[in-house]
Amino acid sequence: MPFAPNFPVMLRTEDGVRIDAAHTPSARTDVGIVVAHGFTGSWRERTARRIVHVLSGYGGVVAFDFRGHGRSGGETTVGDLEILDVEAAVGHARVIGYSKVAVVGFSMGAAVAVRHAGLRGGVDAVVAVSGPARWYYRGTKPMRQVHWAIERPVGRWAARVAKRTRIARGEWDPVPMPPHEAAGLIAPVPLLIVHGDADAFFPLDHARQLYDGAKEPKELWIEPGFGHAESAATPELVRRIGKWISSNFS
């Protein structure tokens, strides 16, 4: 089955970074869904396009590449200034006519979606899939590899060459508010946290810490056998997320 058609757009953040994005219209014209990918991802990847295709059954979709990823400008700060990228995508969704906007983030994108909703607001629902609750987690082999890519010059070089991901040098100063604290600022906007019990990056305590940090209305879905983020998200799970969004916008 071919993917739903999309229309490329170029956005610009309030700090001047060009953001490569695409709009996929839907038969439902009042709901916009912003999709935020994981670290080293892109809206142009097949896994992301598959998710956009399914979600377009529930609203128009604005998908984008975070700064430092793919065809977007700048360098990634791995969860800090990326809230400005989400802000640009949400703003575009509003400009093109969507009266209700949900943000669906995966992994790093989940952390950014939660932080954006808590710190900037302006959204009507948030979905965090496979997201971290706190920074500097190194408890799994995949996350130790991620930190190697972020912190070592050879790691940043490898990410640039292999994944087209440009990573900013240096440490955060100051350290951004962690997602589990930002989650407490989202209410009364509804928050859905989705996490798999087979996630190789972040164990379930991250999902529970996010959930415990948030206020009502909130939901936590622990998905049996679900791995990590976009690559593991089945069409059935994405449809359930789309239905959850619709249920909040009925």
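Procedures and definitions
Residues numbered from 1 in each chain as written. Predicted model: local features only at pLDDT ≥ 70, side-chain atom pairs only at ≥ 80, totals over all residues. Heavy atoms only, no water. Helix = DSSP H or I, 4+ residues; strand = E, 2+ residues; numbered from the N terminus. Rg over C-alpha atoms; globule rule 2.2 N^0.38 Å. Buried < 20%, exposed > 50% of the residue type's maximum accessible area, 1.4 Å probe, protein only. Contact = heavy atoms within 4.5 Å. Areas by Shrake-Rupley, 256 points an atom, 1.4 Å probe, with all protein chains shown as cover. Lys, Arg positive; Asp, Glu negative; His and termini not counted. Charge placed at Lys NZ, Arg CZ, Asp CG, Glu CD. Salt bridge = Lys/Arg side-chain N within 4 Å of Asp/Glu carboxyl O. Arc of directions from axis to C-beta. Axes fitted to C-alpha atoms, helices over the stretch in contact; angles between N-to-C directions. Parallel < 35°, antiparallel > 145°, perpendicular 65-115°, else oblique. Nonpolar A, V, L, I, M, F, W, Y, C, P; charged D, E, K, R; others polar. Core = buried A, V, L, I, M, F, W, Y, C linked by side-chain atoms within 4.5 Å.

Can you break down the overall build of the protein residue by residue, with the values?
Across its full length, the protein holds 9 helices and 8 strands. For 250 residues, the compact-globule estimate of 2.2 N^0.38 gives 18 Å, and the protein sits close to it at 16 Å. Taken along the three principal axes of its C-alpha coordinates, the protein extends 45 × 35 × 35 Å. Taken over 250 residues, the protein has a buried fraction of 57%. By sequence separation, contacts in the protein at least 24 residues apart represent 73% of the contacts at least 6 residues apart. Total accessible area on the protein is roughly 10700 Å²; 55% of this is exposed by carbon and sulfur atoms. Taken together, the 30 basic and 25 acidic charged side chains of the protein have centroids lying 6 Å from each other.

Go over the pattern of salt bridges with me, naming the residues and quoting the values.
Tallied over the full model, the rule gives 11 salt bridges. Notably, a salt bridge pairs Glu223 with Arg240, separated by 2.8 Å at the nearest N-O pair. Separated by 17 residues along the polypeptide, Glu223 in strand β8 (residues 218-223) and Arg240 in helix α9 (residues 235-248) bring together distant segments of the chain.

Tell me about helix α1 (residues 46-55), and please be specific about residues and values.
Looking at α1, one finds that the buried residues are Ala48, Ile51, Val52, Val54 and Leu55. For α1, the angular spread of the buried residues around the axis is 165°, confining them to a single face.

I'd like to hear about the packing of helix α2 (residues 82-95) against helix α3 (residues 108-119), residue by residue, with values.
The description of two packed helices rests on the angle between their axes and on the distance between the axes. The contact between α2 and α3 brings their axes to 9 Å, and the two run at 75°. Considered as vectors, α2 and α3 are oriented roughly perpendicular to each other. Across from Glu82, Ile83, Val86, Glu87 and Val90 in α2, the residues of α3 making contact are Met108, Val112, Arg115, His116 and Leu119. Partitioned by chemical class, the residues of the contact of α2 with α3 number 6 nonpolar, 1 polar and 3 charged.

Go over the packing of helix α4 (residues 141-151) against helix α5 (residues 153-163), please, and point to the residues and values.
Closest axis-to-axis distance for the α4/α5 pair is 5 Å, and the angle between their directions is 95°. Considered as vectors, α4 and α5 are oriented roughly perpendicular to each other. Facing Trp148, Ala149, Ile150 and Glu151 of α4, the residues of α5 in contact are Pro153, Val154, Gly155, Arg156 and Ala158. Considering only residue class, the contact of α4 with α5 consists of 6 nonpolar, 1 polar and 2 charged.

Quick rundown of the environment of Arg71? Include the residues and the values.
Within the secondary structure, Arg71 sits in the loop between β4 (60-64) and α2. In this structure the C-alpha to C-alpha distance between Arg71 and Ser42, which are 29 residues apart in sequence, comes to 8.7 Å.

So what's going on with the nonpolar core? Which residues, and what values?
Counting residues in hydrophobic clusters, the biggest one holds 47 residues, and the most contacted among them are Val34, Phe64, Val126 and Leu191. In terms of residue count, the dominant contributor to this core is α2 (7 residues). Residues contacting Val34, with those up to four places away along its chain left out, are Val62, Phe64, Ala89, Val90, Ala93, Val101, Ala102, Val103 and Val104. One finds Val52, Val127, Leu192 and Phe249 within the second-largest nonpolar core, a separate group that totals 30 residues.

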